[in-house]
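Single-letter residue listing:
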Amino acid sequence: MFEVLTGTGLAASAGLNAYIPLIIMGLLARYTDLIDLPSGWQWLGNGWVVLILAVLLAVEVVADKVPVVDHVNDLVQTVVRPTAGGLAFGAGASSETVTVSDPGSFFSSHQWVPVVSGVVIALGVHLLKSAARPVVNATTAGFGAPVASTAEDATSVVMSLVAIVLPVLVLAFLLGLVAFLFWFLRRRSDRRRERQAARAAGFRV
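Treat the numbers as computed from the prediction; the structure is a model and nothing was measured.

A. Broad picture of the pattern of salt bridges. Under the criterion given, the structure shown has five salt bridges. Across the pair R81 and D74 runs a salt bridge, and its minimum N-O distance is 2.9 Å. The exposure class of D74 is buried, given its relative accessible area of 4%. Through salt bridges with shared partners, a single ionic network connects E60, D74 and R81.

Pasting the structure below:
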């Protein structure tokens, strides 16, 4: 079961930032014993791959903190983040980590399942992030974009590390994500009713 939690945490992390979980897995596999990537995913630890991901991460970090540009970036990332989520789930769930010593047996018969699962999880988190960002920009006149983006990047880093080192805590993150989803939907519904009431009051005047 830890394989599922590890893959889920990494995929959710990719939904916030496509490159952070891949870089963390690559660096940890290259320089530590915390994760041992299976043969099909060894390329993640290649120095050139890590360097390219780091450059892409730098571009993403800057673009995601500028109002309007962040919206364009989210449109582009609609393809990139789910793809990264599939890679992260596939690699993470199949790797030997400090908490999982025999990961191969879990997905041995259906190798495509973790990749598809990662795509779906990352896409869901990405869509939630993309829907919340315009609300943050509108309510803060754009000043909240860099703050929200920094918080998302930090969450992505922490979640990636937790997914590998202590995957049981991924459950807490998932519960928090569900709670945020309910709060966001309720908040958006309240704002819609407020706008409708304001328009109705304007017509009466």
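B. Quick peek at a nonpolar patch on the surface. A grouping of F2, V165, L166, V168, L169 and L171 is seen on the molecular surface, where their side chains present a nonpolar patch of about 480 Å² in accessible area. Mapped onto the secondary structure, F2 falls in helix α1 (residues 2–16). The class of F2 is partly exposed, set by a relative accessible area of 38%.

C. Inspection of the nonpolar core at higher detail. One finds L22, M25 and I164 to be the most contacted residues of the largest nonpolar core, which totals 28 residues. In terms of residues, this core owes the most to one element, helix α2 (residues 20–31), which gives six residues. Once residues lying within four places of it in the same chain are set aside, the contact partners of M25 are L10, I35, L37, L44, A88, A91, G92 and I164.

D. The arrangement of the packing of aromatic side chains in detail. Counted according to the given criterion, the structure contains one aromatic pair. Consider the rings of W41 and W43, whose centres lie 6.2 Å apart with planes at 35 degrees: the pair is tilted. Since its relative accessible area comes to 16%, W41 is described here as buried.

E. Expanded view of helix α3 (residues 47–63). Between the first and last C-alpha of α3 there are 25 Å, a value that for 17 residues agrees with the 24 Å anticipated at 1.5 Å per step. Listing the buried residues of α3 in full gives V50, L53, L57, E60 and A63. End-on view of α3: buried residues confined to an arc of 145 degrees, all on one side of the axis. Exposed and oriented more than 90 degrees from the buried face of α3 are W48, I52, V59 and V62. Looking at the buried residues of α3, the elements they touch are α1, α2 and α4 (69–93). The N-terminus of α3 is capped by N46, whose side-chain oxygen sits 2.8 Å from the backbone nitrogen of W48.

Criteria and cut-off values
- Every chain's residues receive numbers from 1 upward, in the order its sequence appears when written.
- At least 70 in pLDDT is required for a residue's local features to be given in this predicted model, at least 80 for side-chain atom pairs to be given and counted, and no such filter applies to totals for whole chains, interfaces and linings, which use all residues.
- Based on all heavy atoms of the structure, the side-chain values leave hydrogens and waters out of the count.
- By definition, a salt bridge exists where a carboxyl oxygen of Asp or Glu is found within 4 Å of a side-chain nitrogen of Lys or Arg.
- Each residue is placed in one exposure class: buried if its accessible area under a 1.4 Å probe, protein chains only, is under 20% of its type's maximum, exposed if it is over 50%, and partly exposed if it falls in between.
- The patch calculation keeps residues exceeding 30% relative accessible area without a salt bridge and links them within 9 Å when they carry like charges or within 5 Å when they are nonpolar (Val, Leu, Ile, Met, Phe, Trp, Tyr).
- Throughout, the Shrake-Rupley method with a 1.4 Å probe supplies accessible areas, and for residues the shown protein chains are the sole cover considered.
- Counting from the N terminus, the helices are DSSP H or I runs at least four residues long and the strands are E runs at least two residues long.
- Side-chain atoms within 4.5 Å link the members of a nonpolar core, which is a set of buried Ala, Val, Leu, Ile, Met, Phe, Trp, Tyr and Cys residues.
- Contacts between residues were defined by any pair of non-hydrogen atoms, one from each residue, lying within 4.5 Å.
- Classification of ring pairs uses Phe, Tyr and Trp, with its six-membered ring standing for Trp, and accepts pairs whose centres are within 6.5 Å; under 30 degrees between planes counts as stacked, over 60 as edge-to-face, and the remaining range as tilted.
- Multiplying 1.5 Å by the residue count of a helix minus one yields the expected span of that helix.
- This arc corresponds to the set of directions leading from the helix axis out to the C-beta atoms.
- Here a polar contact is taken to be a pair of N or O atoms separated by no more than 3.5 Å, where protein atoms must pair a possible hydrogen donor with a possible acceptor and residues adjacent in sequence count only if both atoms sit in side chains.

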